[in-house]
Amino acid sequence: MTIEELYQRMAAEMGPQPWLKPGTPWAETPVEIMLGAILVQNTNWRNVEPSLINLKRTTGFDPAKLRELTPETITPLIRSSGFYNRKGPAILALATWLGQANDDLAALKQRSGSSLRSDLMAITGIGNETADYILMYTLDHGTFMVDTYARRLFAWLGATMPKTYPAFQKQVLRQFPLGLADCQEFHALIDEFGKRVKDDADFAQSFLAGERLVV
């Protein structure tokens, strides 16, 4: 099957996926999604939730109020997420970056995805996966996220993919002519599948057992 056929098969079998989009019960604002993308690195969502609650109480997810924080004052707010000495400065740098655009997300969305991604990647503490998550779920630029679930699924489907994130992503995007909403949904489907299908035995019992992906 092709990548697009894989997406369509997963969508038909699994149905629409609720996901972190602004206005859903899981995320009230785009800035909350941005902060969550940083905080969830190397931890699980249970540890992130207390940090987001603290940040909401303190700043209301207002970038201007985030910029009033310092590395010393943000640390106790996000301690539950771990790696706070890296995540705190990353959040503050992100808030500064938003301030350089007058906190105008609509204006940022008009810029090219490659330009925005370059800016995000320049922030220490934001890597490929976090940058792409922010791009796709807050700045309206569709892409393909190469996370652990995606790598594992493609391996199960017999696809030999590049080891580096950029090369893997480039190879997928060459065959993936889908719009923003479908890019978001594909990522959500892959991650939901990965949470349900945890090992080879699980995959052998899944609806994708026996399928081969041509990339």
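Up top is the structure.
Remember, predicted model here, so these are calculated numbers, not experimental data.

Trainee: Any chance you could explain the overall build of the protein chain here in plain terms?
Mentor: Regarding its fold elements, the protein chain presents 13 helices and zero strands. Mapped in sequence order, the helices and strands of the protein chain form the string α-α-α-α-α-α-α-α-α-α-α-α-α. Against the 2.2 N^0.38 benchmark of 17 Å for 215 residues, the protein chain shows a C-alpha radius of gyration of 18 Å, consistent with a compact globule. Its C-alpha atoms give the protein chain principal-axis dimensions of roughly 55 × 35 × 30 Å. Looking at the protein chain residue by residue over its 215 residues, the buried ones come to 47%. Across the protein chain, the fraction of contacts at a sequence separation of at least 24, relative to all contacts at a separation of at least 6, is 64%. Approximately 10,300 Å² of the protein chain is accessible, and the part contributed by carbon and sulfur atoms is 52%.

Trainee: Even after reading the chapter, I still don't get the nonpolar core, so can you show me in this structure?
Mentor: Taken as a class, soluble globular proteins show a tendency for nonpolar side chains to be buried jointly. Counting residues in hydrophobic clusters, the biggest one holds 69 residues, and the most contacted among them are Leu 6, Met 10, Leu 55 and Phe 154. In contact with Met 10, not counting residues within four places along its chain, are Gly 15, Leu 153, Phe 186, Leu 189, Ile 190, Phe 193, Phe 207 and Leu 208.

Trainee: I tried to follow the pattern of salt bridges on my own but got confused; where do I start?
Mentor: Within this structure, the stated rule accounts for seven salt bridges. One salt bridge connects Glu 211 with Arg 9, and the closest N-O pair in it is separated by 2.9 Å. Taken together, the positions of Glu 211 in the segment after α13 (200-204) and Arg 9 in helix α1 (residues 3-14) put the pair 202 residues apart, joining distant regions of the chain. Relative accessible area serves as the criterion here: at 26%, Arg 9 is assigned to the partly exposed category. Taken together, the shared-partner salt bridges connect Arg 9, Glu 13 and Glu 211 into one network.

Trainee: Explain the packing of helix α8 (residues 113-121) against helix α9 (residues 128-138) here, please?
Mentor: A pair of packed helices is characterised by two quantities: the angle between their axes and the separation of those axes. Relative to each other, α8 and α9 sit at 135°, their axes nearing to 9 Å. Judged by the angle between their axes, α8 and α9 are oblique. Read as a crossing pair, α8 and α9 show a hand that is right-handed. Listed contacts from α9 to Gly 113, Leu 116, Arg 117, Leu 120 and Met 121 of α8 are Asn 128, Ala 131, Asp 132, Ile 134 and Leu 135. A class-by-class count of the residues in the contact of α8 with α9 yields six nonpolar, two polar and two charged.

Trainee: Which parts of the structure should I look at to understand empty space enclosed by the protein?
Mentor: Leftover empty space is mapped by rolling, across the atoms, a probe with the size of a water molecule. Counted by the stated rule, this structure contains one cavity of 30 Å³ or more. Put simply, the largest cavity is a space of about 50 Å³. Surrounding the largest cavity, Met 136, Thr 143, Phe 144, Met 145, Asp 147, Ala 150, Phe 176, Cys 183, Phe 186, His 187 and Ile 190 form its lining. By residue number, the principal contributor to the lining of the largest cavity is helix α12 (residues 180-196), which donates four residues.

Trainee: Would you take a moment to explain unusual backbone geometry for this structure?
Mentor: Trans is the common state for peptide bonds, and a negative phi is the common state for residues other than glycine. Not every positive phi belongs to a glycine, and Asn 42 is a case in point at roughly 60°. Position of Asn 42 relative to the elements: it lies in the loop between α2 (30-39) and α3 (45-59). The phi torsion at Asn 102 lies on the positive side, around 60°, for a residue other than glycine. The topology assignment puts Asn 102 in the loop between α6 (84-100) and α7 (105-109).

Trainee: Help me understand the side chain of His 187 in this model?
Mentor: Positionally, His 187 belongs in helix α12. Residue His 187 is classed as buried on the basis of its relative accessible area of 5%. Excluding residues that lie within four positions of it along the chain, His 187 makes contacts with Trp 19, Tyr 133, Met 136, Tyr 137, Met 145 and Asp 147.

About the thresholds
Once a new chain begins, its residue numbering starts again from 1 and follows that chain's sequence as written. Reporting in this predicted model follows two pLDDT cut-offs: at least 70 for local features of residues, and 80 or more for side-chain atom pairs to be given and counted; totals over whole chains, interfaces and linings ignore these cut-offs and use all residues. Remark: hydrogens and water are excluded; side-chain values derive from all non-hydrogen atoms of the structure. Segments assigned H or I by DSSP are reported as helices when at least four residues long, segments assigned E as strands when at least two residues long, and all are numbered from the N terminus. Our radius of gyration looks at C-alpha atoms and nothing else; its globule reference is 2.2 Å times the residue count to the power 0.38. Each residue's exposure class comes from its accessible area (1.4 Å probe, protein chains only) as a fraction of the maximum for that residue type: buried when under 20%, exposed when over 50%, partly exposed otherwise. By the convention used here, residues are in contact when the closest approach between their heavy atoms is within 4.5 Å. The Shrake-Rupley method, run with a 1.4 Å probe sphere, supplies the accessible areas, and residue values consider only the shown protein chains as cover. Here, nonpolar core means buried Ala, Val, Leu, Ile, Met, Phe, Trp, Tyr and Cys residues that are tied together by side-chain atoms lying within 4.5 Å of each other. What makes a salt bridge here is a side-chain nitrogen of Lys or Arg within 4 Å of a carboxyl oxygen of Asp or Glu, nothing more. Lines fitted to C-alpha atoms define the axes here, with helix axes fitted over just the stretch in contact, and angles between the N-to-C directions of these axes take values from 0 to 180 degrees. Roughly parallel covers angles under 35 degrees, roughly antiparallel covers those over 145, roughly perpendicular covers 65 to 115, and oblique covers all other angles. By definition, turning the near helix anticlockwise from the far helix through less than a right angle yields a left-handed crossing, and turning it clockwise yields a right-handed one. In the scheme used here, Gly and all other residues not listed as nonpolar or charged are polar, with Ala, Val, Leu, Ile, Met, Phe, Trp, Tyr, Cys and Pro taken as nonpolar and Asp, Glu, Lys and Arg as charged. The pocket and cavity definitions rest on a 1 Å grid over protein atoms only: a 1.4 Å probe that fits but cannot leave marks a cavity, an open set with protein on both sides within 12 Å along at least five of seven lines marks a pocket, and residues lining either have an atom within 4 Å of a point. Grid points are joined across faces, edges and corners, and a volume is the space filled by probe spheres set on the points.

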